[in-house]
Amino acid sequence: MGARTEPEPGLHVLVRGYRSAAGLTQEELAKRSGLSLRALSDIERGRTARPNKHSLALLADALELSEPARARLMAARRHLVAEVGCRESAGDGDGPPVAMPRLLPAPVRCFTGRVAELRVLNDLLEQAGSRSDGLITAITGTAGVGKTALAVYWARQHLAEFPDGQLYVDLRGFAPDGYPLPSAEALGGFLEALQVPSGQIPATLDSRQALYRGLLTGKRILVLLDNARDPAQVRPLLPGSPGCVVVATSRSELTGLVCADDARPLTLDLLTFAEAHELLAARLGADRLAAEPAATAELIALCARLPLALAITAARAATRSQFPLAVLAAELRDARGRLDRLATGEDATDLRAVFSWSCHQLSAPNARMFRLLGLHPGPDITDAAAASLAGLPRSEARRLLAGLTRRHLLAEPVPGRYALHDLLRAYAAELAAATEDEQDRRAAIGRTLDHYLHTAHAAALLLKPSRELITLTPARSGVTPEHVADHLQALGWFEAEREVLLAAIAMAAETGFDAYAWQLPSAMADFLDGEATGMSRPRFSAPRWLPPPASETPRGRPRPAAPSGRHTAGSPTTTRHVVT
Ligand SMILES: Nc1ncnc2c1ncn2[C@@H]1O[C@H](COP(=O)(O)OP(=O)(O)OP(=O)(O)O)[C@@H](O)[C@H]1O
Ligand SMILES: [Mg+2]
C-alpha cells in the first residue's frame, strides 16, 4: 500500500480555517467582505452547493489571503462544483437540473431612506401573483441616484419569496467603453448559473432564450437586470412566466418596456434632506453631524442630495476623521473644483466618470445641448430659451431636451421647465469650458441674454404701455424671443421666469455682458414694482439692483430707478438669487 495523501479539506473547512487564523468573527468577516452573514454562514456550513466565484474573491480580499491560499480556495470551489455537477447529472429529480442561483451582489453599506419606494415595490410584489407573465418593474433615475442600491436592498429583503433563486446581471448599458453587454451573452451567463453545462449552451440568441424560458417555467425566481441601456436589451431576458419577478434598472426611461411589456415604472428622485442626513449619519456617526449642523447641511446641499455624491463625500470625511466637517464643506464649496474633489480615480465611484458614462452615449447634438445647458444661469429653462441658447429651432431644442430627460441628465419637475441638478450643471459647465471654444461659449451666453432681454422688453411694454423705452440692440442670429400676447401672459411670463431673470442679471455682470446687467433689471422694474405694491402675486424679494456702468448708460437718459421691494444682501451667485 502506498503512502496515503491527506484529502484536501472542503471549501467550508478552508474558509472557516482562514477566518479563525485571521482572528475574525463571522460577523466581522461578513462586514469586511460585503457578504451577508447568512451567505457566509452557509458557505462555512457547507450548505452552498455552488459558491459564487465573485463572493469567494471578496472573502479572499477581506481575509488578505496570499496567492497560494487564494488558489487553494478557488481549487476547493472547483472541486465542490464538479462534485455537485456529477450528483445532478446522475439525476435525482424529474426535469433537467436547475440549481438555485444566488447571484445578487452585496447590498450597499448602511442603506438608508427610500421608505416610500420600498413600499411601492412591496405593493407591486403583492399584485404579482395575479399576472400571468410575471411582474416587471423598471426603476429609473439619474446616474448615482441609488437605483442599484434600492433594487438590491429590496431583493435581499425578499429572498424567501424567491425560493428557486435570484439571477443578477450588470447589463453595462452606460459602460465607459460604450459596449453594453449583448443580451445573448447575458443569457449565456444566466444559463451557466442555472447549471447548463457550457457545451450545451446554444449559440444563438433565440435558442438561448427558449432554453432559459423553459428552465424558468414553474419556478419562482427574481431576475435583476441592472443598468439596462434600452428595452431591446432587456426583452430577451424576460422569463415570461408567472412566478418570476423582473426588476430592471436604467438611466433611461425604458418607456417601451412600460408601454409594450406592461412594466411598472418607479422613478427615483434625489434624496430628501432628512434621508441625506440619515445617510451621512449612518456612515459618519450622528454625533459628528450633531457637532456641526451647519456644515452638515452645507455638505448635503453641495452634494445636491445625490446619494453617490453623498457616499463619496462621506468616504472622504470618514478617512479624515480628525477634520472638521466645515473644512470638507469649504473644499467642496467652489463649484468649479467640486467635481475634482469628488473624484476618487475609480471608475465606479468617480462622479465625473459616472456622468461621462451617460454623456458618451449622447448623439452630437444632444451632447452639445447638454454642454450648453451648463452655461445657462438656471435654475431652470424652457424649450424656447434652450432654442436661443443653442441657436436652434424650438422644435429641435424640444427634441433634444426630451432626449436628455429620457436619460435623466435633465429633469422636468414642472411641465415645460427643465432643470439640471447642481452637480450635473457643474459637470456640463466643465464640459462646455473644455469643449466649446471661448467664442462659441460667449455666443451662447449672448443668445441666452438676448432671449431673456428681448422677451422681457416686449412683456414689460404689455405690462405698462406708457413706459419709457430703451433702445435695444437687435438680437443675435439664432435667437427666437418668445411671443407674449397680452398683459396676463406678460405677467405669467415674468412670474415663471423671475428666478431665471435674476440669475441672468448676475451672469451678465459676471461675464462682462454689462449692458444686459442694467437693461434686464430695467425691463423687470414694472413687474417687480407691481409685486411690491401687490398688483401681481409677490413670491420673493426683489434682486439687488445692478447699476449700469457709466459707459453703458444711454447718453442723456437717467439711470433706471432701482426696483422697489426688499433688496438682497451679499453678492449674487449664478445659480440662485432667491432671498427669502
Ligand atoms: N438608499 C441608500 N442608502 C445609502 N447609500 C446609498 C443609497 N442609495 C445609493 N447609495 C450610495 O450611492 C451610491 C450610488 O448608488 P447606485 O449605484 O445605486 O446608483 P445608480 O442609480 O444605480 O447609479 P448608476 O446610474 O451609475 O447605475 C451607492 O454605491 C451607495 O454608496
Ligand atoms: Mg446602477
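Structure report, in brief. The structure presented is a predicted model; accordingly, all values stated were derived computationally and were not measured. (Residues numbered from 1 in each chain as written. Chains lettered and ligands numbered in written order. Predicted model: local features only at pLDDT ≥ 70, side-chain atom pairs only at ≥ 80, totals over all residues. Heavy atoms only, no water.)

### With respect to the overall build of the chain
No. 1: Across its full length, the chain holds 25 helices and seven strands.
No. 2: Per-residue burial over the chain gives 49% buried out of 580 residues.
No. 3: Partitioning the contacts of the chain with sequence separation of at least 6, the portion at a separation of at least 24 is 73%.
No. 4: About 26,800 Å² of surface is accessible on the chain, with carbon and sulfur atoms providing 54% of the total. (Helix = DSSP H or I, 4+ residues; strand = E, 2+ residues; numbered from the N terminus. Buried < 20%, exposed > 50% of the residue type's maximum accessible area, 1.4 Å probe, protein only. Contact = heavy atoms within 4.5 Å. Areas by Shrake-Rupley, 256 points an atom, 1.4 Å probe, with all protein chains shown as cover.)

### A few points about the nonpolar core
No. 1: In terms of nonpolar packing, the biggest core is built from 118 residues, with Leu351, Phe355, Phe370, Phe494 and Leu520 touching the most fellow members.
No. 2: When residues no more than four places from it in sequence are discounted, the contact partners of Phe370 are Cys359, Leu362, Leu404, Leu409, Leu420, Leu424, Tyr427, Ala428 and Leu431. (Core = buried A, V, L, I, M, F, W, Y, C linked by side-chain atoms within 4.5 Å.)

### Here we look at unusual backbone geometry
Glycine aside, residues mostly have negative phi angles, and peptide bonds mostly take the trans form.
No. 1: Gly378 connects to Pro379 through a cis peptide bond whose omega is 0°.
No. 2: Assignment of secondary structure puts Pro379 in the loop between α19 (364-373) and α20 (383-390).
No. 3: The phi dihedral of Cys110 falls on the positive side, at around 55°, and the residue is not glycine.
No. 4: When you line up the elements, Cys110 lands in the loop between α5 (67-90) and α6 (115-128).
No. 5: According to the relative accessible area criterion, Cys110 is partly exposed, its value standing at 27%.
No. 6: For Ala304, which is not glycine, the phi torsion reads 55° and is therefore positive.
No. 7: With respect to the helices and strands, Ala304 occurs in the loop between α14 (293-302) and α15 (307-319).

### A look at the environment of Met74
No. 1: Mapped onto the fold, Met74 is located in helix α5.
No. 2: Taking the C-alpha atoms as reference points, Met74 and Ala57, 17 residues apart in sequence, are found 8.5 Å from one another.
No. 3: Leave out the neighbours within four places in its chain, and Met74 touches Lys53, Leu56 and Ala57.

### Considering the sheet that holds strand β4 (residues 245-250)
No. 1: If you walk across this open sheet you meet the five strands as β2-β3-β4-β1-β5, and the pairing is parallel. In the strand order of this sheet, the two ends are held by β2 (166-170) and β5 (264-267), each with one partner. Averaged over all neighbouring strand pairs, the angle between strand axes comes to 15°, with direction disregarded.
No. 2: Alignment of β2 against strand β3 (residues 222-226), held across five bridges, turns out to be parallel. What sits directly across from Tyr168, in β3, is Leu224.
No. 3: The strands touched by α6 are β1 (135-140), β4 and β5; relative to β1, the strand with the most contacts, the crossing angle is about 165°. (Pairing = 2+ DSSP bridges. Axes fitted to C-alpha atoms, helices over the stretch in contact; angles between N-to-C directions.)

### Some remarks on the site of ligand 1
No. 1: Close to ligand 1 lie 20 residues, the nearest being Thr112, Lys147, Thr148, Ala149 and Arg251.
No. 2: Gly146 is positioned such that a nitrogen or oxygen atom in its backbone is 3.0 Å from an oxygen atom of ligand 1.
No. 3: Starting from 620 Å² of accessible surface for ligand 1 in isolation, the protein chains cover 87%.
No. 4: Going through the elements one at a time, α7 (147-157), α12 (273-284) and α15 are the ones with two or more residues in the shell around ligand 1.
No. 5: Residues of the shell around ligand 1, tallied by class, amount to 10 nonpolar, six polar and four charged.
No. 6: The residues that make up the shell around ligand 1 include at least three from each of domain 2 (115-267) and domain 3 (273-353). (Near = heavy atom within 4 Å. Polar contact = N/O pair within 3.5 Å; in protein donor to acceptor, adjacent residues only side chain to side chain. Nonpolar A, V, L, I, M, F, W, Y, C, P; charged D, E, K, R; others polar. Domains from an automatic or database assignment.)

### Describing the side chain of His457
No. 1: Secondary-structure assignment places His457 in helix α23 (residues 438-463).
No. 2: Residue His457 is classed as buried on the basis of its relative accessible area of 13%.
No. 3: Residues within four places of His457 in sequence aside, it is in contact with Leu469, Ile470, Leu472 and Ala523.

### Things to note about helix α1 (residues 11-21)
No. 1: What α1 keeps buried is the set Leu11, Leu14, Val15, Tyr18 and Arg19. The arc enclosing the buried residues of α1, seen along the axis, measures out at 130°, which places them on a common side.
No. 2: One or two steps after α1, the chain reaches Gly23, where phi turns positive at roughly 70°. (Arc of directions from axis to C-beta.)

### Some details on the pattern of salt bridges
No. 1: Applying the stated criterion across every chain yields a total of 17 salt bridges.
No. 2: In this structure, the salt-bridge partner of Glu298 is Arg333, at a minimum N-O distance of 2.5 Å. Taken together, the positions of Glu298 in helix α14 and Arg333 in helix α16 (residues 325-333) put the pair 35 residues apart, joining distant regions of the chain.
No. 3: Ionic pairing is found between Arg417 and Glu497, a salt bridge with its closest N-O pair at 2.9 Å. (Salt bridge = Lys/Arg side-chain N within 4 Å of Asp/Glu carboxyl O.)

### What about the pairing of β4?
No. 1: When you tally the buried positions in β4, you get six out of six residues, the bulk of the element.
No. 2: Alternating positions in β4 separate into two faces, Val245, Val247 and Thr249 on one and Val246, Ala248 and Ser250 on the other, with burial throughout.
No. 3: Pairing between β1 and β4: six bridges, direction parallel. When the bridges of β4 are listed, Leu135 appears paired with Val245.

### Overview of the packing of aromatic side chains
Each pair of aromatic rings is reported with the distance of its centres and the angle of its planes.
No. 1: Inspection of the entire model under this criterion finds seven aromatic pairs.
No. 2: With a centroid separation of 3.9 Å and 10° between ring planes, the pair formed by Phe111 and Tyr153 is classed as stacked. Separated by 42 residues along the polypeptide, Phe111 in the loop between α5 and α6 and Tyr153 in helix α7 bring together distant segments of the chain.
No. 3: An angle of 70° between the planes, with centres 5.9 Å apart, marks the rings of Phe513 and Tyr516 as edge-to-face. (Phe/Tyr/Trp six-rings, centres within 6.5 Å; stacked < 30°, edge-to-face > 60°.)

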